[in-house]
Amino acid sequence: MITRTRLAAGACALLAALAAGMAFPAGAVAGEPTGEDAPKVDLVLDVSGSMRTRDIDGGTRMAAAKQAFNEVLDATPEEVQLGIRTLGADYPGDDRKTGCKDTAQLYPVGPLDRTEAKTAVATLSPTGWTPIGPALLKAADDLEGGNGSKRIVLISDGEDTCAPLDPCEVAREISAKGIGVTIDTLGLVPSTKLRKQLSCIAEATGGTYTSVEHTDELTDKVNQLVDRAADPVVTPVATEGADACAKAPTLKSGLYTDREEFGQQRWYRVDVEPGQELRASVSVGADRAVNPSYGVLLRAVTVHGREIVRGEAAGNGRTDVLSTGLRYPKAESDEEDAPAEAVCLQVTNSFSVASGVKTTPGLPMELTVDVVDGPGDSDDVAAFGLGRGWWLLGLLVLVGFVAGLLWGWLSRWRFAVWRTN
């Protein structure tokens, strides 16, 4: 009796394992980390008059920044090229036009001479205006060239005083250039307006915002950001999608960045050989205030417009990034020289904004394209369609039916044995 019970239980377990053991081909990484060139960091320091305020550990904000910079310069990795840019350091007057041009490269981005950089920092004295927007534009120019990581670390104690050049719009323009610059911001004052502005600058480029109120916090955070620049990264390639499949650029496996207007369609083409599988994903970021309830659609279609597969996602305002993806395996061909199939990828979004919010440049978009060898081994259940649609449902029904028969037979047998005894 015990032996038969174990055999029946083993049969049920085997069927359950068959249903649960279905696997799909492992995903491939679309792109490799770049970093042949040295990583670059530009520290942008606010040296406006308000930095004289004494509210950080009993000293001035400027003194805290200098101490933090000296410690950061000592700890900067050898492979990092670091520069220092100032804003509001030279013009003490009241002419707004002149004050809003007050930004200068204190130490050029390049191999670090710690003594020279520290000497330059020691000369700083709180002086003038707060031209954050112009300083960010110049800082982006400081980092041009090369394919290593590029970071701007902005440290400020006040809002920009040079509107209408909105620093948040400037950050979006820098992101739209596709040069791979990330802006991290640090606020020295717990101000709601300052937090809102610095957060917007950081979010526009995928950076971070941090509020710091002590010298050691400032030192630790800047050190962390400089060290992060030395980490290997995958740099997206800037591309520009078309408004129709016929005009779309042809992409290979890799990571791409683009901008998409509100409600706009962007088209790209990918060549898929017989026996290969196309895997694509897209992420669209809301780098400004958008209305709740939005969505992103990614479709793979033939050049004749027939839909092959789609991926879609919807949001309700709780996240700043919305992502979706799709997979398309192309069957093997009996022909030796079968041509590749041109697959068109269409990206559509349903983001919208309230009146008064700028709609240009478009929303930042990141597209991953990966073309890999498709499933071909007989032991690869995905090759037979298992785990997809009706196959999975049918298999589960069959497993449930067989398991039910086995359990019923086992129950009747045990009852018969009990009556006999």
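Scroll up to find the structure.
Residues numbered from 1 in each chain as written. Predicted model: local features only at pLDDT ≥ 70, side-chain atom pairs only at ≥ 80, totals over all residues. Heavy atoms only, no water.

1. Here's the deal with the overall build of the chain
What counts, and what does not: In this text, helices come from DSSP runs of H or I with a minimum length of four residues, and strands from runs of E with a minimum of two, each type numbered from the N-terminal end. Burial classes follow relative accessibility: with a 1.4 Å probe on protein chains only, a residue under 20% of its type's maximum area counts as buried, one over 50% as exposed, and anything between as partly exposed. Residue contacts are counted whenever heavy atoms from the two residues lie within 4.5 Å of one another. Under the convention used here, a 1.4 Å probe and the Shrake-Rupley method define accessible areas, while residue burial counts only the protein chains that appear.
Assigned secondary structure in the chain consists of nine helices and 17 strands. When each of the 421 residues of the chain is scored for burial, the buried share is 44%. Taking all contacts inside the chain whose residues are at least 6 apart in sequence as the whole, residues at least 24 apart take part in 77%. Working note: accessible area of the chain is about 21100 Å², and carbon and sulfur atoms make up 53% of it.

2. Quick notes on the state of the cysteines
Rules: To count as a disulfide, a pair of cysteine sulfur atoms needs to be within 2.5 Å.
Summed over all chains, the structure comprises three disulfides. A sulfur-sulfur distance of 2.0 Å marks the disulfide that ties Cys100 to Cys162. Because the torsion about its S-S bond is -100°, the bridge between Cys100 and Cys162 counts as left-handed. With Cys100 in the loop between α3 (96-99) and β5 (103-110) and Cys162 in the loop between β6 (150-156) and α6 (167-176), this pair connects stretches of sequence that are 62 residues apart. Both residues of the pair, Cys100 and Cys162, belong to the buried class. Covalently, Cys245 is tied to Cys344 through a disulfide, its sulfur atoms 1.7 Å apart.

3. Brief notes about the pairing of strand β4 (residues 81-87)
Our working rule: Here, a strand pair is defined by DSSP locating no fewer than two bridges between the strands.
In terms of burial, β4 is largely enclosed, as six of its seven residues are buried. Here strand β1 (residues 40-46) runs beside β4; their pairing, made up of seven bridges, is parallel. In the sheet register, Leu45 faces β4, and the bridge partner there is Thr86. Here β4 pairs with β5 via five bridges, running antiparallel. Directly across from Ile84, in β5, lies its bridge partner Tyr107.

4. Some thoughts on the nonpolar core
Basically, it comes down to this: In this text, buried Ala, Val, Leu, Ile, Met, Phe, Trp, Tyr and Cys residues form a nonpolar core when linked through side-chain atoms within 4.5 Å.
Counting residues in hydrophobic clusters, the biggest one holds 31 residues, and the most contacted among them are Leu43, Leu45, Ile155, Leu186, Leu218, Val222 and Val226. Among the elements of the structure, β1, α2 (61-75), β4, α4 (114-122), β6 and α8 (215-229) are those that each provide at least two residues to this core. Residue contributions to this core peak at seven residues, all from α2. Judged by nonpolar contacts, the second largest core, of 28 residues, contains Phe262, Val284, Leu367 and Val371.

5. Description of the packing of helix α5 (residues 132-142) against α6
Defined as follows: Working convention: axes come from line fits to C-alpha atoms, limited for helices to the stretch in contact. Angles between N-to-C directions cover 0 to 180 degrees. Any angle that is under 35 degrees is reported as roughly parallel, and any over 145 degrees as roughly antiparallel; angles of 65 to 115 degrees are reported as roughly perpendicular and all others as oblique. Left-handed is the label given to a crossing in which the near helix is rotated counterclockwise from the far helix by less than a right angle, and right-handed is the label when the rotation is clockwise.
Contact geometry of α5 with α6 gives a least axis separation of 8 Å together with a crossing angle of 15°. As far as their axial angle goes, α6 and α5 are roughly parallel. Crossing geometry of α5 relative to α6 is assigned as right-handed. Contacts from Ile132, Gly133, Leu136, Leu137 and Ala140 of α5 reach α6 at Pro167, Val170, Glu173 and Ile174.

6. Looking at the sheet that holds β5
Strand order in the open sheet formed by six strands is β5-β4-β1-β6-β7-β8, and the pairing between neighbours is mixed. Of all the strands in the sheet, the pair left with one neighbour each is β5 and β8 (209-211). Adjacent strand axes in the sheet meet at a mean angle of 15°, parallel and antiparallel pairs treated alike. The pairing of strand β7 (residues 181-187) with β8 spans three bridges and is parallel.

7. Some points on the sheet that holds strand β14 (residues 307-315)
If you trace the four strands from one edge of the open sheet to the other, you get β11-β16-β13-β14, paired in antiparallel fashion. A single partner strand is all that each edge strand has here, and the edge strands are β11 (265-272) and β14. For this sheet, the mean angle separating the axes of adjacent strands, direction not counted, is 15°. Note: strand β13 (residues 294-301) against strand β16 (residues 341-349), six bridges, orientation antiparallel. Along β16, the bridge assignment pairs Leu297 with Thr348.

8. Re a negative patch on the surface
For clarity, the threshold we go by: Exposure above 30% relative accessible area and the absence of a salt bridge qualify a residue for a patch, where like charges join within 9 Å and nonpolar side chains (Val, Leu, Ile, Met, Phe, Trp, Tyr) within 5 Å. A pair is scored as a salt bridge if a Lys or Arg side-chain nitrogen falls within 4 Å of a carboxyl oxygen belonging to Asp or Glu. Note that His is not counted, nor are the chain ends; the positive residues are Lys and Arg, and the negative ones are Asp and Glu. Taken as the charge location is NZ of Lys, CZ of Arg, CG of Asp or CD of Glu.
Taken together, Asp57, Glu71, Glu213, Asp216, Glu217 and Asp220 make up a surface patch of like negative charges. With three residues, the single largest contributor to the negative patch is α8.

9. Brief notes about α6
To keep things clear, this is the line we draw: Two N or O atoms count as a polar contact when they lie within 3.5 Å, although within protein this holds only if one can serve as hydrogen donor and the other as acceptor, and sequence-adjacent residues are included solely when both atoms are side-chain atoms.
Within α6, seven of the 10 residues are buried, which leaves it mostly tucked inside the rest of the structure. Looking at the buried positions of α6, the neighbouring elements they touch are α5, β7, α7 (192-204) and β10 (254-260). The N-terminus of α6 is capped by Asp166, whose side-chain oxygen sits 3.0 Å from the backbone nitrogen of Cys168. Following α6 by one or two positions, Gly178 adopts a phi angle in the positive range, close to 75°.

10. Looking at the pattern of salt bridges
Tallying each qualifying case throughout the model produces 17 salt bridges. For the salt bridge of Arg327 with Glu277, the shortest nitrogen-to-oxygen distance reads 3.0 Å. With a gap of 50 residues between them, Arg327 in strand β15 (residues 321-329) and Glu277 in strand β12 (residues 276-285) connect regions that are remote in the sequence. Overall, Arg327 belongs to the partly exposed group, its relative accessible area being 33%. Here the residues in one salt-bridge network are Glu169, Arg172, Arg259, Asp287 and Arg288, joined through shared partners.

11. Description of the side chain of Ser48
With respect to the secondary-structure elements, Ser48 resides in the loop between β1 and β2 (54-56). A polar side-chain atom of Ser48 sits 3.5 Å from a polar atom in the side chain of Thr130. If we skip the residues at most four places from it in the chain, Ser48 touches Leu87, Gly88, Pro126, Thr127, Gly128, Trp129, Thr130 and Asp157.

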